Amino acid sequence: MSPSPANSADDLAAAFQIEGWPVRGRLVRLGDTIDAILSAHNYPEPVAALLGEACALAALVGSSLKFEGRLIVQAQGDGPVRYVVADYDTEGHMRGYCRFDEEEVAAASQGFARPGARSLLGQGVFVMTLDRGPDFERTQGITPIEGESLSLAAEHYFQQSEQIPTRVRLSVGSIATDAGMGWRAGGALIQLIAGDDARGSTEETWDRSRALFQTLGDDELLDPTITPETLLFRLFHEDGVRLEDARALVARCRCSRDRIAGVLTSFNPEERAGMVEADGKIRVTCEYCATVYELEPEEITAD
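What you see is a predicted model; the values in this text were computed from it and never measured.

*Asks:* Please clarify how helix 5 (residues 150–162) should be interpreted in this entry.
*Replies:* At 3.6 residues per turn, the α-helix brings residues three or four places apart onto the same side. An ideal rise of 1.5 Å per residue puts 18 Å on 13 residues; helix 5 measures up with 17 Å between its terminal C-alpha atoms. Each element contacted by the buried residues of helix 5 is listed here: helix 2 (45–62), helix 4 (117–121), strand 6 (124–131), strand 7 (139–144), strand 8 (166–177) and strand 9 (180–192). Among the residues trailing helix 5, Q163 stands out with phi positive, at a value near 55°.

If you want it as structure tokens, here you go:
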């Protein structure tokens, strides 16, 4: 397990438990982490917001994993945004990126409200992938994109793929900081624990949980002055709620010079020759973090 963040209000994913309720929850707050991911690219505001939501969702779900590995949240469709992906590993490392058509995004953004996931992605699919490493097969769940928001797409995924009643809130925005404007993201999730003979019916408690959860505001998820403990107290103070298992989150890409060189070896010599620029070097830009790698052609040799 990763250590708890030094600043308990930021860049963390944590579980929470409401005393005596058959409901489990998770909370994510992202400051510097999401700002680094989104600022690496010159995304239009709606695209950045969509990627921020995907990253918050990946951390919400991925931080509950009981094994070492990665959770990949992605959605793809025929809309202005072709593809959005967010990658969380169990060390708390995060990355993500979008592919989009700039003119189509601009056309979809003409209204007063920020276009949501369905407007940006169009008809398509929502996918969650669990990667436990090279010794295990990846497991993947796929559902159609339902509803206008990524939150609704995630709720539909859990209902269809895992039959778990779930509510999700995601929020992304930019706020003024000492260094200028910076991106922030937040997310919260609650899920119903199924009833049994000892617990009895859980429907009434679930209805109450959803009603309280619905009062959670976007500003509360984003405000760096509101600690996670304070936020949860506002929601569930009458019944008692505790935060536990906080995990630090950080933007960190998985790319490296060796990885890039390894990918280039998959191309034949003629194809690699076509990649050489006027100064004699091959340049490759990582789609996730936008790092540019410069390699000499002679560095790339197939095994």
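*Asks:* How do you make sense of the sheet that holds strand 3 (residues 70–77) when you look at a structure like this?
*Replies:* The pairing of strands in a sheet happens through backbone hydrogen bonds and is either parallel or antiparallel. With mixed pairing, six strands are arranged side by side in an open sheet as 7-6-3-4-5-11. With one partner strand each, in any of the chains shown, strand 7 and strand 11 (250–251) form the two edges of the open sheet. Pairing geometry for strand 6 and strand 7, over six bridges, is antiparallel. By the bridge assignment for strand 7, V127 is matched with I142. Against the sheet, helix 2 touches strand 3, strand 4 (81–89), strand 5 (93–100) and strand 6, its axis set at about 35° to strand 4. Packing of helix 5 onto the sheet brings it into contact with strand 6 and strand 7, and relative to strand 7 it is tilted by some 115°.

*Asks:* Help me understand the nonpolar core in this model?
*Replies:* Inside soluble globular proteins, nonpolar side chains tend to come together where they are buried. Grouped together as the largest cluster of nonpolar side chains are 63 residues, with contacts concentrated most on L57 and F126. At 13 residues, helix 2 tops the list of elements feeding residues into this core. I18, L27, L232 and F236 belong to the second largest nonpolar core, which has 17 residues in total.

What counts, and where the lines are drawn
Residues numbered from 1 in each chain as written. Predicted model: local features only at pLDDT ≥ 70, side-chain atom pairs only at ≥ 80, totals over all residues. Heavy atoms only, no water. Helix = DSSP H or I, 4+ residues; strand = E, 2+ residues; numbered from the N terminus. Expected span 1.5 Å × (residues − 1). Contact = heavy atoms within 4.5 Å. Pairing = 2+ DSSP bridges. Axes fitted to C-alpha atoms, helices over the stretch in contact; angles between N-to-C directions. Core = buried A, V, L, I, M, F, W, Y, C linked by side-chain atoms within 4.5 Å. Buried < 20%, exposed > 50% of the residue type's maximum accessible area, 1.4 Å probe, protein only.

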